[in-house]
Amino acid sequence: MPQDHETHDGSAGEEDLDLNAVILVESFSAMAGAVVAVDDDGEEVEMVGVVLAIEGALGDDHVTHRFVLPAAGWEDLNTCGVKAILAYETGGALEQVMDDARDTIGEDAAAERRWAGFAARLATALDMLDPHEFLVLENDIGRFVQVAMQEDEIRAETVSNQYLGPDVAVPPGDLDLLAQLGWSPPTHFADQDDSRDQGSPNHWIDLPDGAPADRISSLLITTLRRIHQVVEPEDLTYVSSDDAGARIILPTLGLSRSKR
């Protein structure tokens, strides 16, 4: 394509610049109109064209390159440039997505191993509880699950919204999920609990005496993770005692004891 070169002071360059050299482009502009250009035979040719002007640094010089492109070729050049940019950006984005995916998969696998280890420790702790003893696992916003060992059955409960403030209440969709997991809804209000022998003001489920501890552990952990959004076992604290209030220490859980 016909072209000319200018140095930073606007005068014509004394020698042709190597267009294969690396130019740090600082600005780019394009104008369309009737253009008179010189072809390879030295004859003037009038055409509708696009004049491209590129300014930038070439080594120690500031240069301006102008190119005349027939208007018919502009679409191809524009498409080529856009595709090159998209390929570069998409490639970078794809690489980042793949890196993020690998990190996420690795983190998820590590988290699952931590929860699996905690599930085994929780099952061991549940096996250690005798009748009239209970265990509560809770997070820092008052969401909890609890298990009470009774003479002929095992009562498991998880907190209902009447014990939670509006900013940390369990949303309706998660209440439906609680039912799908097997939890029964609250049967009465908290201030009626002392006068009720059946049901609970919390979501609850009664399991037969001798129910496998790993089954109970799985139910509690699924509820903590899917309903109460507990990310790591270490986000929990525990309380364990008997009906008389004597505290039970369960160091194998690997959790801090609750301060309440």
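A.B. asks: Is there a simple way to think about the sheet that holds strand E9 (residues 237-242) in this case?
C.D. replies: The strands making up a sheet associate through hydrogen bonds between their backbones, and the pairing can be parallel or antiparallel. The strand order across the open sheet built from six strands is E8-E7-E6-E5-E9-E10, with neighbouring strands paired in mixed fashion. Both outer strands of the open sheet, strand E8 (203-208) and strand E10 (256-257), are each paired with one neighbouring strand and no more. Alignment of E9 against E10, held across two bridges, turns out to be parallel. Directly across from Tyr-238, in E10, lies its bridge partner Arg-257.

A.B. asks: Mind showing me how you'd approach the pattern of salt bridges here?
C.D. replies: Pairing between side chains of opposite charge can happen when the charged atoms of each approach one another. Counted under the stated rule, the structure contains four salt bridges. A salt bridge links Arg-114 to Glu-232; the nearest nitrogen and oxygen atoms lie 2.6 Å apart. Here Glu-232 lies in the loop between helix H3 (213-226) and E9 and Arg-114 lies in helix H1 (residues 71-128), a separation of 118 residues in the sequence. Glu-232 sits in the buried class, given a relative accessible area of 19%. Two residues, Arg-155 and Asp-206, come together in a salt bridge whose shortest N-O distance is 2.5 Å.

A.B. asks: How should I be thinking about the nonpolar core in this particular structure?
C.D. replies: For soluble globular proteins, the rule of thumb is that nonpolar side chains tend to be buried together. If you look at the biggest cluster of nonpolar residues, it comprises 41 residues, and the most contacted ones within it are Phe-118, Leu-122, Leu-126, Leu-135, Leu-137 and Leu-253. Secondary structure elements with two or more residues in this core: H1, strand E5 (133-138), strand E6 (144-149), strand E7 (153-158), helix H2 (172-180), E8, H3 and E9. Apart from residues no more than four positions distant in its own chain, Phe-118 is found in contact with Leu-137, Ile-221, Pro-233, Leu-236, Leu-253 and Leu-255.

A.B. asks: What am I meant to see in H3 here?
C.D. replies: Structurally, the α-helix is built with 3.6 residues per turn, so residues lying three or four positions apart point the same way. Spanning 14 residues, H3 covers 20 Å between terminal C-alpha atoms, matching the ideal 20 Å at 1.5 Å per step. Every buried residue of H3 is accounted for by Ala-213, Ile-216, Ser-217, Leu-219, Leu-220, Ile-221, Thr-223 and Leu-224.

A.B. asks: Would you mind going over H2 with me for this structure?
C.D. replies: Looking only at H2, the buried set comprises Asp-174, Leu-177 and Leu-178. Looking down the long axis of H2, one finds its buried residues gathered within 105° of arc, a one-sided arrangement. Residues of H2 that are exposed and point over 90 degrees away from its buried face: Pro-172 and Gln-180. Looking at the buried residues of H2, the elements they touch are E7, E8 and H3.

A.B. asks: What is the right way to read the confidence of the model for the protein from this model?
C.D. replies: In the predicted model, the protein carries a mean pLDDT of 81, and the fraction of residues at 70 or more is 73%. Per-residue pLDDT stays below 50 along residues 1-15; that stretch engages in 30 contacts with residues further than four places along the chain or on separate chains.

A.B. asks: Looking at this structure, I do not really get the side chain of Glu-138. What am I missing?
C.D. replies: Mapped onto the secondary structure, Glu-138 falls in strand E5. A relative accessible area of 10% means that Glu-138 is categorised as buried. Side chain to side chain, Glu-138 and Ser-258 meet in a polar contact 2.7 Å long.

Rules used in this analysis
- Per chain, residue numbering runs from 1 following the sequence as it is written.
- The model is predicted, so local features are restricted to residues of pLDDT at least 70 and side-chain atom pairs to those at 80 or more, both for listing and for counting; the totals for chains, interfaces and linings are taken over all residues.
- For side-chain calculations, the full set of non-hydrogen atoms in the structure is used, while hydrogens and water are omitted.
- Pairing between two strands is assigned when DSSP locates at least 2 bridges connecting them.
- A run of H or I in DSSP counts as a helix once it spans at least four residues, and a run of E counts as a strand once it spans at least two, with each numbered from the N terminus.
- Salt-bridge detection follows one rule: a side-chain nitrogen of Lys or Arg within 4 Å of a carboxyl oxygen of Asp or Glu.
- Each residue is assigned to one of three classes by its accessible area relative to the maximum for its type, calculated with a 1.4 Å probe on protein chains only: buried under 20%, partly exposed between the two thresholds, exposed over 50%.
- Among buried residues, the Ala, Val, Leu, Ile, Met, Phe, Trp, Tyr and Cys ones that are joined through side-chain atoms within 4.5 Å form a nonpolar core.
- Here, two residues are considered to be in contact whenever any of their heavy atoms come within 4.5 Å of each other.
- Expected span of a helix, by definition, is 1.5 Å for each gap between consecutive residues, and there is one gap fewer than residues.
- Arc definition: it is the arc formed by the directions from the helix axis to the C-beta atoms.
- Every residue is assigned a pLDDT by the predictor, reflecting its confidence on a scale from 0 to 100.
- Polar contacts, as used here, are pairs of N or O atoms within 3.5 Å; protein pairs need one atom able to donate a hydrogen and one able to accept it. Residues neighboring in sequence count only if both atoms are side-chain atoms.

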